[in-house]
Amino acid sequence: MLNGKVAVITGASRGIGAAIAEKFSSQGVNVAIIYNGNEEAANIVKANAEKQGVRAEIYKCNVAKSEECKETVKAITETFGGIDILVNNAGITRDNLLISMSDEEFDACLNTNLKGCFNMIKACSRNFIKRKYGKIINISSVSALLGTAGQANYSSSKAGVIALTKVTAREFASKNVCCNAIAPGFVTTDMTKDLKSEEYLKLIPLKRLGKPEDIANLATFLADDISDYITGEVIRIDGGLAI
C-alpha cells in the first residue's frame, strides 16, 4: 500500500518526474517535489498533487551539489516526518560527438545524472536505515545499455547509475531497503522534443514513443509493497528498442 507514504522526487517539475509525482499522489502518496530551474512548473505539479488530497511541497535543489542535497533532505524530513521513497529522476543532456565533446559537457552530465543520484541516496540513507524501510528508484536510460552516438557523456552517466543501483541494493538490503533502476527508451519529454521521431520509430517494435505516464506506472509498481522482493534490477521500458 502506498497511501500515506512520503516520496522525494528529483527533477519533478516536468516530464517523467512530474508524471511520477502525479501518479504517486493519485495513490495517496505525499510528495516532496524537487526542482532546480522552473519554480512555476514545480508549483503546478504541487497544485495537481494537492487536488488528490495529499500533502505536497516544492524544494529548489541542485542535486549535483552534496550540501544542497543534505539541507534539502533535512528540510523534507522535518516537514514530512520521514521519507519512504526516493526517485532519482533529475537528468540533463549535453549531446556532442566524442571527438568534439568538451570537458564541461562531459562533467555536467556526470555531475547531475550520476553524482546527483549518489548525493541524494547518501543524504537519505540515515533516514532509510533508521526506519528500516525504503524504496529507491533510479532513472537510468536505454542509452546506458546500447550506447548512443553523440552521448558519450549521457550514456556513461546513466551506465554509472546502473552500477550505483546494484551497489546500493547490496549495501542496503539488510536494512529492508530496495533499490532498482528504470531504463526508459525514447519518451516524449522536453529533453527529446528535438529528436526526429520518425527515424526512431523504425527501431521500436511497438512503433510509438513512450509517454511519461508509462514510466510513472512502472515507478509506482517499484515503490509499492508488492515489489518488496525485487532489488538491484534494471528494468527496460522502451517499446522493445533494446531487444
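Scroll up to find the structure.
Each value, and the rule that gives it
- Counting restarts for each chain: residues are numbered from 1 in the order of the written sequence.
- Side-chain atom pairs in this predicted model are given and counted only at pLDDT of 80 or more, local residue features only at pLDDT of at least 70, and totals for whole chains, interfaces and linings cover all residues.
- To obtain the side-chain values, all non-hydrogen atoms of the structure were included, while hydrogens and water were left out.
- A carboxyl oxygen of Asp or Glu within 4 Å of a side-chain nitrogen of Lys or Arg is what we treat as a salt bridge.
- Only strands joined by at least two bridges in the DSSP assignment are considered to pair.
- Helix numbering and strand numbering both begin at the N terminus, where a helix is a DSSP run of H or I of at least 4 residues and a strand a DSSP run of E of at least 2.
- Note on method: axes are straight lines fitted to C-alpha atoms, helices fitted across the in-contact stretch only, with angles between N-to-C directions ranging 0 to 180 degrees.
- Between the first and last residue of a helix there are one fewer steps than residues, each counted as 1.5 Å, and that sum is the expected span.
- Buried means the residue's accessible area, taken with a 1.4 Å probe over protein chains only, is under 20% of the maximum for its type, while exposed means over 50%, and partly exposed covers the values in between.
- Arc definition: directions from the helix axis to the C-beta atoms.
- Here, residues are in contact when the closest pair of their heavy atoms is within 4.5 Å.
- Working definition: roughly parallel below 35 degrees, roughly antiparallel above 145 degrees, roughly perpendicular at 65 to 115 degrees, and oblique for all remaining angles.
- Crossing handedness is read from the near helix: turned anticlockwise from the far helix by less than a right angle, it gives a left-handed crossing, and turned clockwise, a right-handed one.
- For this classification, the nonpolar set comprises Ala, Val, Leu, Ile, Met, Phe, Trp, Tyr, Cys and Pro, the charged set comprises Asp, Glu, Lys and Arg, and every other residue, Gly included, is treated as polar.
- Handedness of a crossover: with both strands directed away from the viewer, a clockwise path from the first strand across the helix to the second marks it as right-handed.
- Within this scheme, the nonpolar core is defined by two criteria: the residues are buried Ala, Val, Leu, Ile, Met, Phe, Trp, Tyr or Cys, and they are joined through side-chain atoms within 4.5 Å.
- In this analysis the local bend is the angle between axes fitted, respectively, to the seven residues ending at and the seven residues starting at the residue.
- A pair of Phe, Tyr and Trp rings is counted when the ring centres sit within 6.5 Å of each other, with Trp represented by its six-membered ring. The angle between the planes then sorts it: under 30 degrees is stacked, over 60 is edge-to-face, the rest tilted.
- Only lysine NZ and arginine CZ atoms are considered, and such an atom sits over a ring when it is within 6 Å of the ring centre and within 35 degrees of the ring normal.

Here the focus is the pattern of salt bridges. Two side chains that carry opposite charge are able to pair once their charged atoms sit near each other. One pass over the structure, following the stated rule, counts eight salt bridges. One salt bridge connects R236 with D238, and the closest N-O pair in it is separated by 2.7 Å.

Here we come to the sheet that holds strand 2 (residues 30-35). An order of 3-2-1-4-5-6-7 is seen for the seven strands of this open sheet, with the pairing classed as parallel. Of all strands in the sheet, those with a lone pairing partner are strand 3 (56-60) and strand 7 (234-237), marking the two edges. Between one strand axis and the next, the sheet turns by 20° as a mean value, whatever way the strands run. Two strands pair when backbone bridges link them, and strand 6 (residues 177-184) and strand 7 are joined in this way by four bridges, in the parallel orientation. Considered in strand 7, the bridge of A181 is made with V234.

In this fold, I76 is placed in helix 3 (residues 66-80). For the pair I76 and I33, spaced 43 residues apart in sequence, the C-alpha separation works out to 9.8 Å.

With that settled, the discussion passes to helix 2 (residues 39-50). Given a rise of 1.5 Å per residue, twelve residues ought to cover 16 Å, and the 16 Å separating the end C-alpha atoms of helix 2 matches this to within 8%. Of all the residues in helix 2, the buried ones are A41, A42, V45, K46 and A49. With its buried residues spanning 145° around the axis, helix 2 presents them on a single face. Those residues of helix 2 hidden inside the fold are in contact with helix 1 (15-26), strand 2 and strand 3.

Let us look at the packing of helix 3 against helix 4 (residues 103-131). The geometry of helix 3 relative to helix 4 is characterised by a closest axis approach of 9 Å and an angle of 40° between their N-to-C directions. As summarised for this structure, helix 3 and helix 4 are arranged oblique, according to the angle between their axes. The chirality of how helix 3 crosses helix 4 is right-handed. Facing helix 3, whose interface residues are S66, C69, K70 and V73, helix 4 presents N119, M120, A123 and C124. Split into classes, the residues belonging to the contact of helix 3 with helix 4 amount to five nonpolar, two polar and one charged.

Here we come to the pairing of strand 2. Most of strand 2 sits out of view: six of its six residues are buried. Burial along strand 2 is two-sided: N30, A32 and I34 and V31, I33 and Y35, pointing in opposite directions, are all buried. Relative to strand 2, strand 1 (residues 6-9) runs parallel, the two being bridged by four bridges. Note that in strand 2 the partner of V6 across the bridge is N30. After leaving strand 1, the chain enters helix 1 and then returns to the sheet as strand 2, a path that is right-handed.

Right, let's get into the packing of helix 1 against helix 8 (residues 212-223). Contact geometry of helix 1 with helix 8 gives a least axis separation of 8 Å together with a crossing angle of 50°. As the angle between them shows, helix 1 and helix 8 are arranged oblique. For the pair helix 1 and helix 8, the crossing hand works out as right-handed. When helix 1 is examined against helix 8, the residues G15, I16, A19, I20, K23 and F24 are found in contact with a partner set consisting of P212, E213, I215, A216, N217, A219, T220 and A223. For the contact of helix 1 with helix 8, the class distribution of residues is nine nonpolar, three polar and two charged.

In this section: the nonpolar core. Ranked by size, the top nonpolar core spans 32 residues in total, and within it F24 and I137 carry the most contacts. If sequence neighbours within four positions are ignored, I137 has contacts with I85, L86, V87, N88, N180, I182, A219, L222 and A223. Counting residues in each nonpolar core, the second largest holds 26 residues, with V63, C69, V161 and C179 among its members.

What follows is about helix 4. In this model helix 4 runs 40 Å from its N-terminal to its C-terminal C-alpha over 29 residues, within 8% of the 42 Å that 1.5 Å per residue would give. In the structure, helix 4 departs most strongly from a straight axis at S125, where the bend amounts to approximately 40°. Once helix 4 finishes, K132 follows within two positions and takes phi at roughly 55°, a positive value.

Tallied over the full model, the rule gives zero aromatic pairs. Positioned over the ring face of F80 is R55, at 5.5 Å from the centre of the ring.

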